[in-house]
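Structure at a glance
The lines below spell out each chain.
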Amino acid sequence: KSLSVSSQARLFSTSRMCRTVMPAWVIDKYGSNDVLRFTKNASFPIIDFPNEVIVKVFAAGLNPLDVSMRGGYGAATLSMKRDPVNIKRSGSEFPLILGRDVSGVIMECGLDVKYFRERDEVWAAIPPWKQGSLAEFVVLSANEVSHKPKSLNHTQAAAIPYVATTAWSALVNTGGLSKDNCANKRILILGGSGGVGTFAIQMLKAWGAHVTVTCSQNAEQFVKGLGADHVVDYTSGPVEEPLSALEKFDLILDNVGGDTERWALNLLKPWSGAKYVTLVTPFLQNTDMLGIADGMMQSAATMATKALKHLIKGVHYRWGFYAPSGPALDEIREMVDAGQIQAVVDETFNFSQVPQAFEKVEKGHARGKTVVQIS
Ligand code: NDP
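Figured I'd write up the structure that's included with this text. Just so it is clear, the structure is predicted and the values come from calculations on it, not from any experiment.

**Observations regarding the overall build of the protein**
In terms of helices and strands, the protein carries 13 helices and 15 strands. For 375 residues, the compact-globule formula gives about 21 Å, and the C-alpha radius of gyration of the protein, at 21 Å, lands near that figure. If you line up the protein on its principal axes, its C-alpha atoms span 65 × 45 × 40 Å. For the protein, the proportion of its 375 residues judged to be buried stands at 53%. Counting only contacts in the protein whose residues sit at least 6 apart along the sequence, the fraction spanning at least 24 positions is 72%. Carbon and sulfur atoms form 54% of the exposed surface of the protein, whose accessible area is close to 16700 Å². A distance of 2 Å separates the average location of the 38 positive side-chain charges in the protein from that of its 36 negative side-chain charges.

**Notes on helix α3 (residues 75–82)**
Among all positions in α3, only Ala75, Thr77 and Leu78 are buried. Seen end-on, α3 carries its buried residues on one side only, within an arc spanning 165 degrees. Those residues of α3 that are buried lie in contact with α2 (64–70), α10 (283–290) and α11 (292–311).

**Details of the side chain of arginine 333**
Mapping arginine 333 onto the fold places it in helix α12 (residues 326–337). Residue arginine 333 is classed as buried on the basis of its relative accessible area, which comes to 14%.

Definitions and limits used
Residues numbered from 1 in each chain as written. Predicted model: local features only at pLDDT ≥ 70, side-chain atom pairs only at ≥ 80, totals over all residues. Heavy atoms only, no water. Helix = DSSP H or I, 4+ residues; strand = E, 2+ residues; numbered from the N terminus. Rg over C-alpha atoms; globule rule 2.2 N^0.38 Å. Buried < 20%, exposed > 50% of the residue type's maximum accessible area, 1.4 Å probe, protein only. Contact = heavy atoms within 4.5 Å. Areas by Shrake-Rupley, 256 points an atom, 1.4 Å probe, with all protein chains shown as cover. Lys, Arg positive; Asp, Glu negative; His and termini not counted. Charge placed at Lys NZ, Arg CZ, Asp CG, Glu CD. Arc of directions from axis to C-beta.

Have a look at this one:
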């Protein structure tokens, strides 16, 4: 415990030479929480490409996606990403390691890695088709990794990357927002109290937007504390009624889905470039149910039909997706170290408590993030 990070890095760097296995939580089949298995004999990650780095995991953040993936969600598409030419037999993803957020220390760099060195403290959001962070080590492409904010410890840092890169992709890449065009824009976040919402509120406030949030009544003070200007309680009746009484919005970020699409687009300013971006899409369900080709065709058809239906009413309908991005995390790090964004950790668990951490995420009602301390 008293070793400095650099001493630990040296120690692990030396011990890594003779390591072929490591401790990890794995699943060997899809199912409920009892498929999670702790092993000391998970395969040690290997650098397969010269742009990869091996990271020693200090803390791992969990997301609703981990619970869904434990149950097999997205298996068809993710298997195709892992094995595009379909050489391996089905089920070859097992033993599968979950966990999408990592904060840790670089142990080893591939030959082409220039931006990082061994012992650098880093954070990253791990793409769902790669082995995750509920393990002692993880291998990542250098372009997915970023130097960790100096103002955060590893537990805090692991609460940010996946939700931050998702919010960044949805708001910046899909929604067209940036720090230079947000001033006084009216943004509505449906579902503001969870991981994505708590990050998005802070980023948009740092960029000068006016932010309205829907959440449960008991989260009102919590989201106001993160900067939300106006809060609407969705538990006290149909939330679209109080929202309709407000001035219309330039952008809506939907973290809730379900029937929100029925009414949310009416809250946008028509014929002004206003956008509705939803993170709750049928994309992976479609490929799980229909197979890759038919599922993608179905998604494209659904997306095109909805986009067109709303375009003729003067508003834009879009799907938002997580996108791995070290450069986005670099910009987010600057905002964190400038004090504009804080890590919102709901609850922490130690490495022996991974099943309890999954139970916590599965119960919903998140107020920020659930983080597992690995070492
Ligand atoms: P969390 O579980 O962290 O947060 C969800 C929050 O929504 C909770 O705080 C919950 O609190 C609140 N909530 C539930 N129902 C409503 C409602 N009707 N109105 C307002 N708030 C509500 O999830 P994340 O923030 O991590 O993710 C949000 C959604 O985005 C998830 O569905 C996730 O799967 C999806 N997602 C999609 C991605 C993509 O690539 N497309 C990537 C990342 C996330 P309470 O129940 O107490 O109200």
